[in-house]
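The lines below spell out each chain.
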Amino acid sequence: MQACHLSASNLACRRGERLLFRGVDLALEPGEACHVAGPNGIGKTSLMRILAGLLRPFSGEVNRTGSVALLDERPALDPQLSLGSALAFWADLDGVATQERAACTGHVGLSDLLEVPVRFLSTGQRKRAALARMKGQQAPIWLLDEPLNGLDTAGVALTEIMVANHCAAGGIAVVASHQPMALPMASTLQLAEFVP
Ligand SMILES: Nc1ncnc2c1ncn2[C@@H]1O[C@H](COP(=O)(O)OP(=O)(O)OP(=O)(O)O)[C@@H](O)[C@H]1O
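Here is what the cut-offs are and how they apply
- All residue numbers here refer to positions counted from 1 along the written sequence of the relevant chain.
- In keeping with the model being predicted, local features are shown solely for residues with a pLDDT of at least 70 and side-chain atom pairs are shown and tallied solely at 80 or more, while totals for entire chains, interfaces and linings include all residues.
- Calculated side-chain values reflect all of the structure's heavy atoms, with hydrogen atoms and water omitted.
- When two cysteine sulfur atoms are found within 2.5 Å, that pair is recorded as a disulfide.
- Only protein chains enter the accessibility calculation, which uses a 1.4 Å probe; a residue whose area is less than 20% of its type maximum is buried, one above 50% is exposed, and one in between is partly exposed.
- We treat two strands as partners when DSSP finds at least two bridges between them.
- Only DSSP runs of H or I covering at least 4 residues are called helices, and only runs of E covering at least 2 are called strands; the numbering of each starts at the N terminus.
- Only C-alpha atoms enter the line fits that serve as axes; for helices the fit covers just the stretch in contact. Angles between N-to-C directions range over 0 to 180 degrees.
- Contact definition: two residues touch when any of their heavy atoms are within 4.5 Å.

If you check an unreviewed UniProt entry, the protein chain appears there as Heme ABC exporter ATP-binding protein CcmA from Allopontixanthobacter sediminis.

Participant: Could you clarify how one ought to interpret the state of the cysteines in this entry?
Facilitator: Note on terminology: disulfide describes a covalent bond linking the sulfur atoms of two cysteines. Here the structure, examined in full by the defined rule, presents 0 disulfides. Free cysteine: C4, not disulfide-bonded; nearest cysteine sulfur from C167 at 8.9 Å. On the accessibility criterion, C4 (6% relative accessible area) is buried. Lacking any disulfide linkage, C13 is separated from the closest cysteine sulfur, that of C34, by 16 Å.

Participant: How should the sheet that holds strand β1 (residues 5-15) be read in this particular structure?
Facilitator: The strands making up a sheet associate through backbone hydrogen bonding, with each pair oriented either parallel or antiparallel. Spatially, the 3 strands line up as an open sheet ordered β2-β1-β4, and their pairing is antiparallel. At either end of the open sheet lies a strand with only one pairing partner, and these are β2 (18-28) and β4 (59-65). Strand after strand, the sheet turns through a mean of 15 degrees between neighbouring axes, direction not considered. Across 7 bridges, β1 lies against β2 in antiparallel orientation. For S7, the partnering residue across the bridge sits in β2 and is A27. Along the sheet, helix α1 (residues 44-52) contacts β1, β2 and β4; its crossing angle with β1, the most-contacted strand, is approximately 130 degrees.

In structure tokens form, the structure reads like this:
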């Protein structure tokens, strides 16, 4: 696992004309996880995108050491390709070894679906594919935005174990989830609405 660190200080986020939140601080070291909580529309996805470097904060700053894997509602798998080819596209970019590719798809229970076009996969199967891709990225910082959406009970348990193992191996995880999720030793960041 690469060395990693993720911190944010005094973050504020503005979307359109609205200030969603402000004064958000975060500091995570290897092995640590954080559960981001808050009602619909408070800005959890926006925060995850700021932490990933995809959205500029209105104020404040983010410091990252180590590469980032972001899992959100868009699996970024070509719907026209077979699952195996779509995952191979990313695995080639990420330099994932052949054996490791098979291990990732096996881990999420998709080994039998590699020939199936991505567009035919169910919601939960797509989420499992996104988890396989994230595992293959070997990034020390995992950002998971509603990772449990669409997953069955076994899929939820699998995700909890994946995150726990990732942190136990020295990774960092930030998880935004409305559903209860077992995250051992995770801190909670409760986003609060900005009131002028
Ligand atoms: N590109 C955008 N331009 C303007 N407003 C936006 C944009 N993207 C999101 N918003 C608004 O920002 C607010 C926060 O959205 P965000 O998706 O971050 O919330 P969330 O906490 O993840 O919500 P949920 O729990 O429903 O997933 C919402 O009111 C949303 O409409």
